[in-house]
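Each chain, written out:
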Amino acid sequence: MAKKQNTKQVKNISQQLKQQTAHVDEKGIFIFQEPLTIAQLANALHVSIVDIIKYFMKQGKMYNQNQLLNEELMAEVCLEFGFDFKKTKSVTYENILETIEFDDKPENLVSRPPVVTIMGHVDHGKTTLLDTIRNSKITNQEHGGITQHIGAYQITTNEGKLITFIDTPGHEAFTEMRARGSRITDIVILVVAADDGVMPQTKEAIDHAKAANVEIIVFVNKIDKVGINKEKVLSELSNFGLTSEEWGGDTIFVYGSALKHQGINELLEAILLVADVKELKANPNRFANGTVIESHNDKNIGSVCTLLVQGGTLNIKDIIVAGAIKGKIKKMTDDLAKDVKHAGPSAVVQVLGFESVPTPGELFMVFNDEKIAKKVATARQQEQEIKQQHEKQISLGNIAQEASSGELKQINIILKADTQGSLQALKQALNKIKVEDIQIKLIRDGVGGISESDVTLAVASHSVIYGFNVRPNHIVRDAARDAKIEIRLHNVIYKLTEELESAAKGLLAPEFEEKVLGQARVVRLFHYSKIGTIAGCLVIDGMITRNSKVRIIRQDIVIYNGEINSLKHEKEDLKTAKKGFECGITVKNYNDLKEDDIIEAYIVEAVKR
């Protein structure tokens, strides 16, 4: 059972939270750390909310009491009401967690089970491997086997050692958690089918595992099939930096068949070997901290969360905070649906008791004082709001600025191209870019359209996405905008490399920028000898204008750039066709349209960096 946090720790948290509260000190100076709402500022200065709102109204700013003010606006208010002001370093929720988490002394640390995630290409046997390990090695079979799936499970090996397996729904979910700052996995098992080799999702899995900086073990599956080429698999993986020990590398390869239960014991032994080298340890004798793996709202019982305990021990009735959500543990079950009262390091449990549903990937911490927990949750909520307002966009303009100021050391990019030939030419051109003290690193490269997975990886690795003769669809474009990731699109190699080199030197100053207006899908084609091909279209995003430039996109690849020749609805000429509208489009000098092609309208605007 976990020991209670000592009084000194709790007092320390109280003092830190109290110190970060905005206030007027004994000298009449207003001390603050982060932006405040008008109501919070009025309370700290002991002035009327109405008076502050009136002050902004005189300037033509219609604010209410919940308006969040930045540092400049708060300074204006202070001067208006006769206060000097001073900004001090803030104490964040993460600071508080780190203070407690890293208070673990070496003598209190004990070995903990490794946490493992299985990844790989669809149909290569990832799910089969998970099920085979779970069904053959799960403990306590007398309790009726597995009666529910909670996104993770723990098995006992033949040597009596525990291993925790996390079943993430996809590579994007794995990286999204990493992007939120949570490190849930010690080891990744990369499943590769011996009869198939490296496939698109295999490479994607490697990218995500490397972005998370975790150890990779390769499980070559379906080794029992006839006609397999083991050397081909080894060769392909070596191209991605995964060279087997038998080829002189340092990556562990295990061969087997998940379907026929071959190689399972060898895989578990490899996991334990890597875990021993990593010397995984945690302190079980304190209040718990860890990560939310899954969460949902059940209409009958409320918030249901799956938690991975990474330090300390979680107990029934513990007061808990995950992100900005507070709760008290009412019920706790393991992956066998068996009620448990305690869960130590590397254990995964499903819990009831959160006041609402926390986001997967959020860090959680247990406190022995409900008032402190409430203050931490409130502080965390404010931090999230401030972070959203001040979140820095990952763009080439920002990169150029950082390069010119000497802050930048590495530019991370994700590169997608229309053909393998284009991709190889681009990679060779990028390798020739030499800028002193700055490295250009390819986080991912591939052939095909820009995907949501690329955006997720860009967030985790702080990358700019480059597309060469490929386009993002409107869903990907929206995801990139929401994540503040810039997508740069080119169709001339030297322009792409020149732009990157200029950014690295801090000299970026593009004069023009494309603005996508909308997209229409070709639903039906009409061919006329005198007119050419008329595309019967449905506008699926934004709008199409008569004077816009257009590009024809087929399966996310740009196949033609040109202009609209005519835009009509039945026989009536149109200036604009908006989302949901049906229209007929002809493209100048191009008749080779096909059903399901995308016609993307855009304009080129002069912009000032």
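Scroll up a little and you will see the structure.
Residues numbered from 1 in each chain as written. Predicted model: local features only at pLDDT ≥ 70, side-chain atom pairs only at ≥ 80, totals over all residues. Heavy atoms only, no water.

A. Region of interest: the environment of glycine 249. Among the structural elements, glycine 249 can be located in the loop between α9 (230–238) and β12 (253–255). With a relative accessible area of 26%, glycine 249 lands in the partly exposed category. When the C-alpha positions of glycine 249 and serine 238 are compared, they lie 8.7 Å apart, and in sequence the two are 11 residues distant. Apart from the residues lying within four places of it in its own chain, the contact partners of glycine 249 are Thr243 and Ser244. (Helix = DSSP H or I, 4+ residues; strand = E, 2+ residues; numbered from the N terminus. Buried < 20%, exposed > 50% of the residue type's maximum accessible area, 1.4 Å probe, protein only. Contact = heavy atoms within 4.5 Å.)

B. Inspection of the sheet that holds strand β8 (residues 152–156) at higher detail. Across the sheet, six strands lie side by side as β8-β9-β7-β10-β11-β12; this open sheet has mixed pairing. This sheet does not close on itself; its edge strands, each paired only once, are β8 and β12. Averaged over neighbouring strand pairs, the angle between their axes works out to 30° when direction is ignored. Bridge count for strand β7 (residues 115–120) against strand β10 (residues 187–193) is five bridges, and the pairing is parallel. Bridge pairing in β10 links glycine 120 to valine 191. With respect to the sheet, helix α8 (residues 200–211) is in contact with β7, β10 and β11 (215–221), its orientation differing from that of β10 by roughly 170°. (Pairing = 2+ DSSP bridges. Axes fitted to C-alpha atoms, helices over the stretch in contact; angles between N-to-C directions.)

C. Spotlight on the sheet that holds strand β25 (residues 487–490). One open sheet accounts for four strands, arranged β23-β22-β24-β25; its pairing is parallel. Each edge of the sheet is formed by a strand with only one pairing partner; in this case those strands are β23 (439–447) and β25. Ignoring which end each strand starts from, the neighbouring axes of this sheet average 25° apart. One ladder, built from four bridges, connects strand β24 (residues 463–468) with β25; its direction is parallel. Residue pairing in the sheet places isoleucine 465 in a bridge with isoleucine 487 of β25.

D. Broad picture of the pairing of strand β17 (residues 319–322). Of the two faces of β17, the one carrying Ile319 and Val321 and the one carrying Ile320 and Ala322 are both buried. In this structure, β17 lies alongside strand β18 (residues 325–333), joined through four bridges in antiparallel fashion. Looking at the pairing, isoleucine 320 lines up with glycine 327 of β18. In sequence, β17 turns back onto β18 through a hairpin of two residues, with glycine 323 there showing a positive phi of about 65°. Pairing of β17 with strand β21 (residues 363–367) involves four bridges; the strand directions are antiparallel. Bridged to isoleucine 319 within β21 is phenylalanine 367.

E. Up close: the state of the cysteines. The tally for this structure, following the rule as stated, stands at zero disulfides. A disulfide-free cysteine, cysteine 537 has its sulfur positioned 5.3 Å from the sulfur of cysteine 583, the nearest such atom. The exposure class of cysteine 583 is buried, given its relative accessible area of 6%. (Disulfide = S-S within 2.5 Å.)

F. Inspection of the environment of valine 218 at higher detail. Here valine 218 is to be found in strand β11. Using a relative accessible area of 0% as the deciding quantity, one classes valine 218 as buried. With 25 residues separating them along the chain, valine 218 and threonine 243 place their C-alpha atoms 9.9 Å apart. When near neighbours in sequence (up to four residues on either side) are disregarded, valine 218 contacts Leu190, Val192, Leu237, Leu242, Thr251, Ile252, Phe253 and Val254.

G. Expanded view of the pattern of salt bridges. For the structure on display, the rule yields 25 salt bridges. The residue arginine 471 makes a salt bridge to glutamate 600 at a minimum N-O spacing of 2.9 Å. Highlighted residues: arginine 471 in the loop between β24 and α15 (474–483) and glutamate 600 in strand β33 (residues 598–606), separated in sequence by 129 residues. Note on arginine 471: relative accessible area 5%, which makes it buried. Judged by its relative accessible area of 0%, glutamate 600 is buried. Here arginine 551 and glutamate 600 are joined by a salt bridge, their closest N and O atoms 2.6 Å apart. Highlighted residues: arginine 551 in strand β28 (residues 549–554) and glutamate 600 in strand β33, separated in sequence by 49 residues. Using a relative accessible area of 3% as the deciding quantity, one classes arginine 551 as buried. Salt bridges sharing partners connect three or more residues here, namely Lys203, Asp207, Lys416, Arg444 and Asp454. (Salt bridge = Lys/Arg side-chain N within 4 Å of Asp/Glu carboxyl O.)

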